[in-house]
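Chain residues, written in single-letter form:
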Amino acid sequence: MSVRKQKRKAAKHSHKHLDSKKSAKQIGFVSTHPRAAMFTGSSLIVIGLFLLITGMGSDAKFGLAMLSMAIGTIILFFANSALPKKTVK
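All residue numbers refer to positions counted from 1 along the written sequence of the respective chain. Given that the model is predicted, a residue must reach a pLDDT of at least 70 before its local features are reported, and side-chain atom pairs must reach 80 or more before they are shown or counted; all residues, however, enter totals for whole chains, interfaces and linings. Just so you know, side-chain values use all the structure's heavy atoms and leave hydrogens and water out.

**A few points about the overall build of the chain**
Here's step 1: Secondary structure counts use DSSP, requiring at least four H or I residues in a row for a helix and at least two E residues in a row for a strand, with both numbered from the N terminus. When helices and strands are counted, the chain shows five helices and zero strands.
Here's step 2: For the chain, the N- to C-terminal ordering of α and β elements is α-α-α-α-α.
Here's step 3: The contact definition used throughout considers only heavy atoms, calling two residues in contact when any of these lie within 4.5 Å. Considering only residue pairs separated by 6 or more positions, the chain has 60% of its internal contacts joining residues 24 or more positions apart.
Here's step 4: Taken as a whole, the chain presents about 7,800 Å² of accessible surface, with 67% of it coming from carbon and sulfur. Surface exposure here means Shrake-Rupley accessible area, sampled with a 1.4 Å probe, where a residue is shielded only by the protein chains that are shown.

So, in C-alpha cells, the structure goes:
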C-alpha cells in the first residue's frame with residue numbers, strides 16, 4: 001500500500017469516536033432550574049445591597065457585600081441565558 005493511501009485511510013478512521021464526546025453534557029443546577037437560579041441570584045444581589053447599606057464602617061461587611069453581589073450577578077447572567085427562548089409566531 002502506498003504512503004498516500006495509508007494516510008487517507010488513517011485520516012478517515014481517526015474521527016470515529018468523536019461523537020461520543022460531544023453528546024456528554026454536564027447538567028447543573030442553573031441549567032436544570034433556571035427560574036430558581038434567577039431567584040437565588042436576585043436574592044444574593046439584594047442581600048449584598050443590604051450589607052453594603054448597613055455595614056458602611058466595617059471592611060468585612062463591605063467585602064462580603066461585594067462578593068455576594070458579584071456571585072449573584074454571575075448566577076443571574078447564566079440563569080438568564082439558560083431560560084428557554086420564546087418563539088414569535
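**Topic: the environment of Gly-41**
Here's step 1: Positionally, Gly-41 belongs in helix α4 (residues 34-54).
Here's step 2: Per-residue accessibility, obtained with a 1.4 Å probe over protein chains only, is compared with the maximum for each type, and a residue is labelled buried under 20%, exposed over 50%, and partly exposed between these values. Overall, Gly-41 belongs to the buried group, its relative accessible area being 0%.
Here's step 3: Among all residues touching Gly-41, those that are not within four sequence positions of it are Gly-72 and Ile-75.

Everything listed here is a matter of coordinates, which is why it stays silent on function.
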